[in-house]
Amino acid sequence: MDEFPWFLLLSLFLSSMQRTSCKGFSTNTSFHLVLPLQSKAAMPSPNPSSNKLSFHHNISLTVSLAVGSPPQQVTMVLDTGSELSWLRCNSSSFNPHLSSSYYQNPCSSSTCTVKTADFTDPVSCDTNKLCHVTLSYADGSSVEGTLAYERFHLGDTQMNLELVFGCIDSVSSSNSDEDLRSNGLIGLNRGKLSFVSQMGIPQFSYCISGTDSSGMLLLGKTELPWKMKLNYTPLVQIPIHLPYFNRVAYTVHLQEIRVSDTILPIPSSILEPDHTGAGQTMVDSGTQFTFLLGPVYTALKTEFLKQTKGILHPINDSNFVFQGAMDLCFRDKGFIPPLPTVHLILRGAEISVSDEKLLYKVPGGGGGALCFTFGNSDLLGVESYVIGHHHQQNFWVEFDLQRSRLGLAEFRCDSASQKLGLSQSNHP
């Protein structure tokens with residue numbers, strides 16, 4: 001894939017939840033796009049070749065786009081763990097009946113029969129001979145609808161993309177109040193029908209601030225003079241089909257875990273996918289926290305408790321489990337004391353989790369609680385390790401699709417937003 005002489009910068013929000021068109025971008029074309037931030041116009045940028053917004057965060061990363069003809073404004077969750085982008089198709093989210101560019105995909109098309117091969121649930125043919133999709137997620141939620149084409153507008157210019165997406169008419173979830181805060185989801189994994197695969201871009205990046213709730217998503221390849229050098233870790237690829245291995249996820253090599261200078265006493269084999277594919281480590285922007293397989297989580301929990309004895313005071317209530325998988329919580333004393341850093345050691349790179357990123361304030365526990373931001377995958381029924389976006393805060397994260405690698409560097413993401421004219425924060 002050729003190197004692109006442009007990049008597209010979108011803003012993200014982290015919300016309190018989780019035919020002038022082209023099929024892809026030409027390498028000879030440069031796009032200068034600007035996206036507004038909610039009801040406010042984006043601040044002017046010193047870099048003219050950018051398309052930008054900021055985001056706020058709590059549970060889910062979201063981005064605002066315009067979809068259809070005429071355009072309808074939608075808010076979509078950003079998910080590197082999913083393939084197909086989808087929108088709720090109703091009068092309050094996205095109404096396809098109001099769009100002249102909306103087109104439903106027949107089940108006889110190659111898009112339906114071939115390009116959906118990596119979907120977790122097989123597609124089917126509905127009574128109208130349209131391609132019917134069912135998408136299931138690790139939290140037990142699922143959505144159903146029709147595979148369709150629509151225009152996605154990436155700014156105020158005439159440039160737009162005609163992309164395949166799911167027009168969803170049925171949503172099953174245990175958290176409907178939070179789910180209603182977004183209109184849909186943008187799938188960014190390596191599958192044939194993901195947003196980035198359909199765009200045909202060689203890479204994308206994002207940077208999530210942990211201080212002023214700003215952030216950015218860059219679609220395309222670019223060089224920023226102030227960006228730190230990245231450490232790269234290769235993406236794991238297994239060409240054969242294994243029942244528990246997601247071939248289109250961003251899977252990395254997790255080599256060891258340290259708490260301060262103490263390496264957890266676990267065999268390296270438990271950190272690698274087994275013969276069924278279980279045990280892969282995925283980098284997922286659609287998940288908030290980080291989850292580890294049971295034996296590894298137990299080892300981390302034991303060592304963290306050992307190193308924080310007398311500093312933190314555990315809530316000794318077996319029924320107090322945050323989000324169903326995070327059973328290590330402490331009494332909130334109104335402040336977070338100095339804590340040992342947890343290091344996730346990848347092949348060629350490292351993610352360090354320290355200070356406020358280690359504990360998350362939740363209600364309950366008799367006056368408030370602080371819960372450890374690592375959870376037990378076994379309690380979720382998930383056969384993998386998942387590195388969520390909470391532990392990616394203040395990291396520049398680059399997904400290099402062309403070279404099949406992931407780049408990481410600790411970075412002040414609020415500073416990056418200011419340099420690109422995205423943030424009005426007073427942070428230096």
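In this report, we go over the structure that sits alongside the text.

Calculation criteria
- Residues numbered from 1 in each chain as written.
- Predicted model: local features only at pLDDT ≥ 70, side-chain atom pairs only at ≥ 80, totals over all residues.
- Heavy atoms only, no water.
- Core = buried A, V, L, I, M, F, W, Y, C linked by side-chain atoms within 4.5 Å.
- Buried < 20%, exposed > 50% of the residue type's maximum accessible area, 1.4 Å probe, protein only.
- Helix = DSSP H or I, 4+ residues; strand = E, 2+ residues; numbered from the N terminus.
- Contact = heavy atoms within 4.5 Å.
- Polar contact = N/O pair within 3.5 Å; in protein donor to acceptor, adjacent residues only side chain to side chain.
- Pairing = 2+ DSSP bridges.
- Axes fitted to C-alpha atoms, helices over the stretch in contact; angles between N-to-C directions.

Section: the nonpolar core
Phe195, Phe204, Ile257, Leu300, Leu358 and Phe374 are the most contacted members of the largest nonpolar core, which has 68 residues in total. Ranked by residues supplied to this core, first place goes to helix H4 (residues 294–307) with five residues. Excluding its chain neighbours within four sequence positions, the residues that come into contact with phenylalanine 374 are Thr290, Leu292, Tyr297, Leu300, Met326, Val342, Leu344, Val353, Leu358 and His391. Grouped together as the second largest cluster of nonpolar side chains are 15 residues, Trp86, Cys107, Phe119 and Val133 included.

Overview of the environment of glutamate 303
Looking at the element boundaries, glutamate 303 is found in helix H4. Taking relative accessible area as the criterion, glutamate 303 reaches 13% and is therefore assigned buried. In the structure, glutamate 303 is positioned 41 residues away from threonine 262 in sequence and 8.3 Å away in space, judged by C-alpha atoms. Setting aside anything within four residues of it in sequence, one finds glutamate 303 in contact with Val259, Thr262 and Leu264. A polar atom in the side chain of glutamate 303 sits 2.7 Å from the side chain of glutamine 307.

Notes on unusual backbone geometry
The omega angle of the peptide bond from serine 69 to proline 70 is 0 degrees, so this bond is cis rather than trans. Relative to the helices and strands, proline 70 is located in the loop between strand E3 (60–67) and strand E4 (72–79). For lysine 129, which is not glycine, the phi torsion reads 60 degrees and is therefore positive. Inspection of the secondary structure assignment puts lysine 129 in the loop between strand E7 (124–125) and strand E8 (131–136).

As for the sheet that holds strand E22 (residues 349–353)
Spatially, E17-E16-E21-E22 is the arrangement adopted by the four strands of the open sheet, whose pairing is antiparallel. Pairing within the sheet leaves two strands with one partner each, and these edge strands are strand E17 (262–263) and E22. Against the sheet, H4 contacts strand E16 (254–259), E17 and strand E21 (342–346), and its axis sits at roughly 20 degrees relative to E16.

Structural notes on the pairing of strand E12 (residues 203–208)
Counting buried positions along E12 yields six of six residues, so the element is predominantly enclosed. Residues Gln203, Ser205 and Cys207 point to one face of E12 and Phe204, Tyr206 and Ile208 to the other, with burial holding for every one of them. Where E12 meets strand E27 (residues 395–400), five bridges bridge the pair, whose relative direction is antiparallel. For serine 205, the partnering residue across the bridge sits in E27 and is glutamate 398. Of the strand pairs in this sheet, E12 and strand E13 (residues 215–219) are connected by five bridges, and their pairing is antiparallel. Its bridge partner lying in E13, tyrosine 206 is registered against leucine 217.

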